[in-house]
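# Structure at a glance
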Amino acid sequence: MTDIRSVSSSSSTTSKNVNHAANSNSSAIPDIDNMNNLTTYVNTAFRQMEEKFMAASDQVMNRMNELGRRIDTLETSITDIISHLPTEESNSTTQQQTKS
């Protein structure tokens, strides 16, 4: 004869195992969703950082190009000024002519 308590206990354990398996599967699906959400979030964050880096890089390059142009203009201006200054030879000649 089978003890009724053991059959009852056995069926109870089986139903708990089935419920636990169902809960495990349903919790695995949200974990996958969480992983997908995390992956999407990280990819979005990296993309935004890359865009900000590129914008900052472009600003730096534009400023460097502008400074290069200004330096070129300054060099040209200095060269023009120097070319229009009287030379030492002409200064000494002018001084000698004024003494005479």
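Residues numbered from 1 in each chain as written. Predicted model: local features only at pLDDT ≥ 70, side-chain atom pairs only at ≥ 80, totals over all residues. Heavy atoms only, no water.

- By the naming in an unreviewed UniProt entry, the protein is Heat shock factor binding protein 1, taken from Rotaria magnacalcarata.
- Its UniProt record gives the protein the following Sequence similarities (unreviewed entry) comment, quoted word for word: "Belongs to the HSBP1 family." (UniProt positions renumbered as here; feature names shortened; annotations may be inferred.)

### Some points on the pattern of salt bridges
- Tallied over the entire structure, the rule returns two salt bridges.
- Of the charged contacts, one joins Arg69 and Glu66 as a salt bridge, the two residues approaching to 3.0 Å between their closest N and O atoms. Pair noted here: Arg69 and Glu66 are both in helix α1 (residues 4–84), with a separation of three residues, about one helical turn.
- Owing to a relative accessible area of 31%, Glu66 belongs among the partly exposed residues under this scheme.
- For Glu66, the salt bridge is made with Arg70, and the minimal N-O distance between the two is 3.4 Å. Of this pair, Glu66 and Arg70 both sit in helix α1, four residues apart, roughly one helical turn.
- One network of salt bridges, in which partners are shared, links Glu66, Arg69 and Arg70. (Salt bridge = Lys/Arg side-chain N within 4 Å of Asp/Glu carboxyl O. Helix = DSSP H or I, 4+ residues; strand = E, 2+ residues; numbered from the N terminus. Buried < 20%, exposed > 50% of the residue type's maximum accessible area, 1.4 Å probe, protein only.)

### Here we look at a nonpolar patch on the surface
- On the surface, a cluster of nonpolar side chains totalling about 670 Å² of accessible area is made up of Met35, Leu38, Tyr41, Val42, Phe46 and Met49.
- The residue Leu38 is located in helix α1 in this model.
- Given the relative accessible area of 49%, Leu38 is considered partly exposed. (Patch = residues over 30% accessible without salt bridge, like charges linked within 9 Å, V, L, I, M, F, W, Y side chains within 5 Å. Areas by Shrake-Rupley, 256 points an atom, 1.4 Å probe, with all protein chains shown as cover.)

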